[in-house]
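If you want the building blocks of each chain, they are given just below.
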Amino acid sequence: MKILVIISSTHMGNTRKIAEAMAKNAPVTIAEIDSVSEHDLRDYDIVGLGSGIYFGKHDAKIIDFAENLSDTSTPYMFVFSTSGTGNLDKNNKPLIDLLKSKNKIVLGSFGCKAFDKFGPFKLVGGINKGRPNENDYKQARMFIESVMQKYKDLNTKTVK
Ligand SMILES: Cc1cc2nc3c(=O)[nH]c(=O)nc-3n(C[C@H](O)[C@H](O)[C@H](O)COP(=O)(O)O)c2cc1C
């Protein structure tokens with residue numbers, strides 16, 4: 001099994017840290033959004049898309065990439081994010097819905113709070129200092145294991 005995790009992690013590198021935690025226990029290759037094209041997806045069974053949340057959304061480049069996916073790339077995908085709020089459902093839903101509209105099967109959604117010193121938070125030294133932390137990395141590793149398990153379940157043929 002081969003997994004490609006595509007990230008945009010421009011603010012503090014928080015999302016990259018989560019991707020690196022996933023790569024510890026799983027056959028994950030990490031790629032920056034600027035360095036991938038859909039052509040690169042052909043060798044992978046599962047593709048994950050992750051970024052920080054900027055003004056309520058995933059990075060525009062991640063959204064643009066998802067909008068341009070065709071039926072030729074793997075249908076098995078997952079979504080993750082890091083953010084100031086850690087509001088997983090609200091933050092990830094638009095990208096999940098977009099992927100579903102492109103006939104992709106979303107195997108999971110992950111998110112966590114992360115260090116944020118944007119705008120007014122800079123004045124107070126930032127919020128969520130120390131995040132992501134060891135527990136977030138553990139959750140990320142458990143998440144990628146659940147994604148792999150779902151992929152296996154969907155691809156196991158029942159012999160009668
Ligand atoms: C320009 C900008 C806008 C942001 N907007 C939000 C937001 O709308 N909601 C939120 O929860 N966090 C927001 N954040 C915090 C980031 O989502 C958070 O720090 C995230 O972990 C950054 O990920 P990265 O370090 O991988 O880029 C914003 C940060 C920046 C720099």
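Scroll up for the structure.
From a predicted model like this one, the values you see are computed outputs, not experimental measurements.

Chemist: I'm lost on the packing of aromatic side chains in this one. Help?
Modeler: Two aromatic rings are characterised by how far apart their centres lie and by the angle between their planes. Taken as a whole and judged by the stated rule, the model has five aromatic pairs. Between the aromatic rings of F78 and F143, the centroid separation amounts to 5.5 Å while the plane-to-plane angle is 70 degrees, which identifies the pairing as edge-to-face. Taken as a pair, F78 in strand 5 (residues 76-83) and F143 in helix 5 (residues 134-155) lie far apart in primary sequence, 65 residues in all. Each member of the pair, F78 as well as F143, is classed as buried.

Chemist: Got a minute to help me understand the site of the ligand in this structure?
Modeler: Around the ligand sit 20 residues in total, of which S9, M12, T15, I53 and Y54 are the nearest. At a separation of 2.6 Å, an oxygen atom of the ligand approaches a polar side-chain atom of S9. G13 places a polar main-chain atom, nitrogen or oxygen, 2.9 Å from an oxygen atom of the ligand. For the ligand, whose free accessible area comes to 640 Å², the fraction covered by protein is 88%. The cavity that encloses the ligand is the largest pocket. Elements with a contribution of two residues or more to the shell around the ligand: helix 1 (14-25), strand 3 (46-54) and strand 5. Residues of the shell around the ligand, tallied by class, amount to seven nonpolar, 12 polar and one charged.

Chemist: What is the right way to look at helix 2 (residues 60-67) in this model?
Modeler: One turn of an α-helix holds 3.6 residues; hence residues three or four places apart share an orientation. Restricting attention to buried positions, one finds in helix 2 the residues I62, F65 and A66. Buried residues along helix 2 cover an arc of 100 degrees about the axis, so they all sit on one side. Buried residues in helix 2 make contact with strand 1 (3-8), strand 3, strand 4 (57-58) and helix 3 (88-101).

Cut-offs and rules
- Residues numbered from 1 in each chain as written.
- Predicted model: local features only at pLDDT ≥ 70, side-chain atom pairs only at ≥ 80, totals over all residues.
- Heavy atoms only, no water.
- Phe/Tyr/Trp six-rings, centres within 6.5 Å; stacked < 30°, edge-to-face > 60°.
- Helix = DSSP H or I, 4+ residues; strand = E, 2+ residues; numbered from the N terminus.
- Buried < 20%, exposed > 50% of the residue type's maximum accessible area, 1.4 Å probe, protein only.
- Near = heavy atom within 4 Å.
- Polar contact = N/O pair within 3.5 Å; in protein donor to acceptor, adjacent residues only side chain to side chain.
- Areas by Shrake-Rupley, 256 points an atom, 1.4 Å probe, with all protein chains shown as cover.
- 1 Å grid on protein atoms, 1.4 Å probe; cavity = no way out; pocket = protein on both sides within 12 Å on 5 of 7 lines; lining within 4 Å.
- Sits in = over half its atoms within 2 Å of the grid points.
- Nonpolar A, V, L, I, M, F, W, Y, C, P; charged D, E, K, R; others polar.
- Arc of directions from axis to C-beta.
- Contact = heavy atoms within 4.5 Å.

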